[in-house]
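An overview of the molecular structure
Spelled out from the first residue to the last, the chains are:
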Amino acid sequence: MDKNVEMRKFVDTWISDISPMTLFILEENKDMARNCTVRLIGQIGYEIIDGPYRHIVDIRARTCTCRSWQLRGMPCQHVVLAYQHKVIEPEFYVEE
């Protein structure tokens, strides 16, 4: 019972609906996205060039070819860059 009370107090200190650790990882992904370039691929989505690698981001299907978004439930650096290109905050697309 005490653990539940402690957890509730901890959650009350959050500044958003997203956990502090998730926000930290999302900020790291934003920093890593600065090293990537983006190209629009018509109806399919975006091509993100990350050094020697190329990834395809489909925002409608919520997929990235690096698969990090599907596995972790939070936008990877490639998705963050695609959302920044569309002038959308990626925080809205973190799964609960």
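Overview of the structure. Just so you know, these numbers come straight off a predicted model, no measurement behind them.

Take the overall build of the protein next. The helix and strand inventory of the protein stands at four helices and four strands. Shown N-terminal to C-terminal, the secondary structure of the protein runs as helices and strands in the order α-α-β-β-β-β-α-α. The dimensions of the protein, computed from C-alpha atoms along their principal axes, are 50 × 25 × 25 Å. Across the 96 residues of the protein, 35% fall into the buried class. With an accessible surface of roughly 6900 Å², the protein has 54% of that area assigned to carbon and sulfur atoms. Of note, the protein has its 12 positive side-chain charges centred 6 Å away from the centre of its 14 negative side-chain charges.

Next up on the list: the packing of helix H2 (residues 20-33) against helix H4 (residues 77-85). Relative orientation of the contacting elements H2 and H4 amounts to 75°, with a least axis distance of 8 Å. One finds that H2 runs roughly perpendicular with respect to H4. Together, Leu26, Asn29, Lys30, Met32 and Ala33 of H2 and Gln77, Val80, Leu81 and Gln84 of H4 make up the contact between the two elements. In terms of residue class, the contact of H2 with H4 is built from five nonpolar, three polar and one charged.

Now for the side chain of His78. Tracing the sequence through the fold places His78 in helix H4. Of note is the side chain of His78, whose polar atom sits 3.2 Å from the side chain of Asp50.

Let's shift gears to the environment of Cys76. With respect to the element layout, Cys76 can be found in the loop between helix H3 (68-72) and H4. Residue class for Cys76 comes out buried when judged on its relative accessible area of 1%. Linking Cys76 and Lys30, residues 46 residues apart in sequence, is a C-alpha distance of 8.5 Å. Among residues more than four places away in sequence, those in contact with Cys76 are Asn29, Cys64, Cys66 and Ser68.

Conventions adopted
Here, residues in each chain are numbered from 1, in the same order as that chain's written sequence. The model is predicted, so local features are restricted to residues of pLDDT at least 70 and side-chain atom pairs to those at 80 or more, both for listing and for counting; the totals for chains, interfaces and linings are taken over all residues. Only heavy atoms go into the side-chain values, all of them from the structure, while hydrogens and water stay out. Working definition: helices are DSSP H or I runs of at least four residues, strands are E runs of at least two. Numbering for both runs from the N terminus. Three exposure classes are used, based on accessible area relative to the maximum for each residue type with a 1.4 Å probe and protein chains only: buried under 20%, partly exposed in between, and exposed over 50%. For the accessible areas, the method is Shrake-Rupley and the probe is 1.4 Å, while residue cover comes only from the protein chains on display. None of His or the chain ends enter the tally, which takes Lys and Arg as positive and Asp and Glu as negative. In plain terms, the charge of a residue is placed at NZ if it is Lys, CZ if Arg, CG if Asp and CD if Glu. Every axis in this analysis is a line fitted to C-alpha atoms, fitted for helices over the stretch in contact. Angles between the N-to-C directions lie between 0 and 180 degrees. Angular relationships are summarised with four words: roughly parallel below 35 degrees, roughly antiparallel beyond 145, roughly perpendicular across 65 to 115, and oblique for the angles in between. Contacts are assigned to residue pairs that have any heavy atoms within 4.5 Å of one another. Note that Gly is not counted as nonpolar here; it falls among the polar residues with everything else outside the nonpolar set of Ala, Val, Leu, Ile, Met, Phe, Trp, Tyr, Cys and Pro and the charged set of Asp, Glu, Lys and Arg. Nitrogen and oxygen atoms within 3.5 Å of one another constitute a polar contact, given that in protein one can donate a hydrogen and the other can accept it, and given that sequence-neighbouring residues count only through two side-chain atoms.

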